[in-house]
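Examination of the molecular architecture
Chain by chain, the residues run as shown.
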Amino acid sequence: MRVPLSWLREYVDLPATETGRDVQAKLISVGLEVETVEQLGDGLKGPLVVGKVLTIEELEGFKKPIRFCTVDVGTANGTGEPQEIVCGARNFAVGDKVVVVLPGAELPGGFAIAARKTYGKTSHGMICSGDELGMGDDGSHGIIVLPPEHEVGTDAIELLQLVDEVLDIAVTPDRGYALSIRGVARETAIAYGLPLRDPALLDVPQPNAFGYPVQISDPMGCDRFTARTVTGLDPEARSPLWLTRRLQKAGMRPISLAVDITNYVMLELGQPLHAYDRSRVQGPIGVRRAEQGEKLTTLDGVTRTLDAQDLVITDDRGPIGLAGVMGGANTEIDDTEGTTTEVVVEAAHFDALSISRTARRHKLASEASKRFERGVDPQAASAAAQRTVDLLVLLAGGTADAGVTEVIAPSAPHTITIPADHPDKVAGVDYGRETVVRRLQEVGCDVYGQDELIVTVPSWRPDLTDPNDLAEEVIRLEGYENLPSTLPKPPAGRGLTDRQRLHRRVGRALAGAGYVEAPNYPFVGEHVFDQFGLAADDPNRKVVKLVNPLSDEEPALRTTLLPGLLGALRRNDGRGSHDLALFETGLVFHPREELKIAVRLPVDRRPTDEEIASLTEALPLQPRHAAVVLTGAREQAGWWGKGRPSDWADAVESARVLAREAGTELLVRKGQYGPWHPGRCAELAVVVEGVEQVIGHAGELHPGVLKTLGLPARTSAMELDLDVLESASAGVPKGPKISTFPVATQDVALVVDTSVPHAEVEAALREGAGELLESIRLFDVYDNAAQLGEGKKSLAYALRFRAADRTLTVDEASAARDAAVALAAERTGAVLRA
């Protein structure tokens, strides 16, 4: 919301010395997010005056049309003689009033004006456009042509209100009232302790039976509808300068007088309005839900197919507007033809949720929908209609019709009961009853009672629904900066849980292994499961869908971390980073078998265990996963030697890193699943309470998947379930004991069938070697058929033996090695290589 300071001063008598920066600080202190203060006309220096075009001479022989003009600027040039000016614009004629900047002046941006020779003539100044003066978009993109009533030589800086300050406020969704000058003025008045001149306090005639007929068939969607009629409008009337300038400062483009007035009143009071050409409306105006598949061409020229949940404005022909979002083209006031002399003004109040869903459904955000979905003051509708009628009568010479239509659904004001000391307890500050009552009254509440306050919420604050909302109002107006800073006192024994400690260790371990953390949004589109090649009955295809997603392309919560990680890898690879190793730990979401409705937890006390359990049962299952993706070089080449590209083994090793952090044994075997290459995929499993559970997969991704997703060749990935990995853990890993006795190393090379996994051979060697084995490492794989035989491979292992209490003898180390080889031979058919 852009708020010109000059407009704000009309409703609050701010001290003359207060600048936009001062007002910004005050509004921020009461909770409004004032992002910037724009200095309009900064650097602008006169003389800048109104001039009248006397003559125009067309200059020939140039690549573009050039005109040599003489302009009467009165005595502003010191001589009274016509000013000679060269100009390339063509949207003005002899006799028009224009804005002239004379030599010695300076335009915004440091553009100094001086007499200069151009196109064979000397130009003494410039005839100005709105862009050159920093006025914003007026729709004309040419020279400013002023109404004829303005005197020659008048100061144009003051006439066009070129010097001003504009506050740009980021209005949060709960403060819809701040999308109006009225709402911001109220907050300003409270911040300065000054009275407010409420622009909505107008004399409004009582409704009668002579107004334009209106029929509301959906009172839940539209609980108030005011219709007023103005006749005898001058179709040639144009918006005055003060009106167009205020719209431009507020960020809106002037269109036509009737439309400009409705936009002006919307900015002023916060109530969206719509003006219909009465001659183009057939029969009573109605409000109803659309019929599925109905068509409506909106003011932007787009024909839209309506949904049964859309609220529409109708006449005898059908829909003539999308309620609260945008009007229809068939009742538009056509300013180009200049034939509109009778207008019906609509000021209605629509259901916020309905308008929000309609705007999102049709991807049609408008100034009206932005206000309705945040909450509009229903009591301001009649005042806004009256203000619009008054301006149409004043500026277009119209006559207000005596008929006044108001259709109002019965409703009662919202009241909240709150202990007088509730804000004190929330803030930890002793405000006292008088302060609480005074602050609530400043907001607009009616307050009754002593120890127990009965608070009637003002109509413009639909966000105030419970005692804590009222406490927040008291706290923010008293100043968040005045809250004491106190450190919480956590009870002993409530630090990080084992699950949290594991997550932190996992992150540190992967970062230490060279991976970069890349958190992603937890949203996916279901098409990604087709791209991954998941089976039709795969559990990961069952997703939890959001009712109100950020993007229609990703309406579901993720069941795997890979889509987000692979998307991050693709973006970085496309931007020139080809050696990538990324990781993420985060929640995935799986729907429960039985869908339950979540209960609303209280905020004035700690929820009971039963309430928390009920809420948990209504939530989807949310296990925490860890995943990595790799592509490009894993080890860089340099003077130290050749580099090494990443491959499936690196993905498997990342899973082993996590298992070591969890202090559990990871079972790695050949597997096949979804996006992984069937011949280069490892299945990851752990043993939990004697039962083996698959927790993930690692390896190289399938070439078809890589092509579909636009990923580099030989990209690898790993994903596993951290929660199951933790459940298989023996607890926090203990640091190893450091022995002072030397190590004994024994190497063995075993020949096995190529189908025998290394993991089985290693497991047998580890078990057979016994407790003296400190570590085992595979350091060579050899598969020469000529020496080993067809279908055979050689696996070479380095075994390290050490005792905690003595130095091992050669015989002890050899015996342990022989026992390891014997068990490997028994289980896998391994033969010691000669």
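Fair warning: this is a prediction, and the values are worked out from it, not measured in the lab.

1. Notes on the pairing of strand β41 (residues 792-801)
Taking burial as the measure, the ten residues of β41 include eight buried ones, the bulk of the element. Here strand β39 (residues 744-753) pairs with β41 via ten bridges, running antiparallel. Across the sheet, residue A749 finds its bridge partner in β41, namely A796.

2. So, the packing of aromatic side chains
What describes a pair of aromatic rings is the distance from one ring centre to the other and the angle between the planes of the rings. Scanning all chains against the criterion turns up seven aromatic pairs. Ring centres of W7 and Y264 lie 4.8 Å apart, and the angle between their planes is 10 degrees; on these two criteria the pair is classed as stacked. Of this pair, W7 sits in helix α1 (residues 5-8) while Y264 sits in helix α6 (residues 257-269), and the two are 257 residues apart along the sequence. Accessibility expressed as a relative area gives 0% for W7, which makes it buried. On the numbers, 5.2 Å between centres and 70 degrees between planes, the contact of F350 with F372 is edge-to-face. Of this pair, F350 sits in strand β23 (residues 343-350) while F372 sits in helix α8 (residues 367-372), and the two are 22 residues apart along the sequence. A residue is classified by how much of its surface remains accessible, and F350, at 2% relative accessible area, is buried. For F372, a relative accessible area of 3% gives the class buried. Put simply, the rings of W7, W242 and Y264 pair up and form one aromatic cluster. Of note, K121 hangs over the ring of F68, and the distance from its end group to the ring centre comes to 4.9 Å. The ring centre of W460 lies 3.9 Å from the NZ or CZ of R186, which sits over that ring.

3. Structural notes on the sheet that holds strand β25 (residues 415-419)
Across the sheet, three strands lie side by side as β25-β27-β26; this open sheet has antiparallel pairing. Each edge of the sheet is formed by a strand with only one pairing partner; in this case those strands are β25 and β26 (446-448). Between one strand axis and the next, the sheet turns by 25 degrees as a mean value, whatever way the strands run. Contacting β26 and β27 (452-456), helix α11 (residues 433-443) runs over the sheet at an angle of about 5 degrees to β27.

4. Quick word on the sheet that holds strand β24 (residues 399-408)
Spatially, four strands are ordered β16-β23-β15-β24 in an open sheet, and the strand pairing comes out antiparallel. Single-partner strands in this sheet number two, and they are β16 (274-277) and β24. Taken pair by pair, the neighbouring strands of this sheet meet at an average axis angle of 20 degrees, ignoring direction. Pairing geometry for strand β15 (residues 222-231) and β23, over eight bridges, is antiparallel. Along β23, the bridge assignment pairs F225 with A348.

5. Quick look at the environment of Q622
Turning to its location among the elements, Q622 is positioned in the loop between α16 (609-618) and β32 (624-631). If near-sequence neighbours (up to four positions away) are discounted, Q622 is found in contact with R499, L587, V588, F589 and D723.

6. Digging into the nonpolar core
V3, V23, L27, L167, I169, V265 and L392 are the most contacted members of the largest nonpolar core, which totals 54 residues. Listed in part, the 29 residues of the second largest apolar core include L502, A662, V688 and L725.

7. With respect to the side chain of R228
Its place among the elements puts R228 in strand β15. Within the buried core, R228 has no salt-bridge partner, and the shortest N-O distance to an opposite charge, that of D390, equals 6.3 Å. Side-chain polar atoms of R228 contact the side chain of Q386, separated by 2.7 Å. Contact partners of R228, with chain neighbours within four places excluded, come to P205, V343, V344, V345, A385, Q386, V389, G403 and V404.

8. Let's talk about the pairing of strand β21 (residues 318-322)
Judged by how many residues are buried, β21 sits mostly within the fold: five of five residues are covered. Between strand β20 (residues 311-315) and β21, which pair antiparallel and follow one another directly, the connecting turn spans two residues. Where β21 meets strand β22 (residues 326-327), two bridges bridge the pair, whose relative direction is antiparallel. Paired with L322 across the two strands is M326, which belongs to β22. From the end of β21 to the start of β22, which pair antiparallel, there are three residues, and G324 there has a positive phi angle of about 75 degrees.

About the criteria used
Residues numbered from 1 in each chain as written. Predicted model: local features only at pLDDT ≥ 70, side-chain atom pairs only at ≥ 80, totals over all residues. Heavy atoms only, no water. Buried < 20%, exposed > 50% of the residue type's maximum accessible area, 1.4 Å probe, protein only. Helix = DSSP H or I, 4+ residues; strand = E, 2+ residues; numbered from the N terminus. Pairing = 2+ DSSP bridges. Phe/Tyr/Trp six-rings, centres within 6.5 Å; stacked < 30°, edge-to-face > 60°. Lys NZ or Arg CZ within 6 Å of the ring centre and 35° of its normal. Axes fitted to C-alpha atoms, helices over the stretch in contact; angles between N-to-C directions. Contact = heavy atoms within 4.5 Å. Core = buried A, V, L, I, M, F, W, Y, C linked by side-chain atoms within 4.5 Å. Lys, Arg positive; Asp, Glu negative; His and termini not counted. Salt bridge = Lys/Arg side-chain N within 4 Å of Asp/Glu carboxyl O. Polar contact = N/O pair within 3.5 Å; in protein donor to acceptor, adjacent residues only side chain to side chain.

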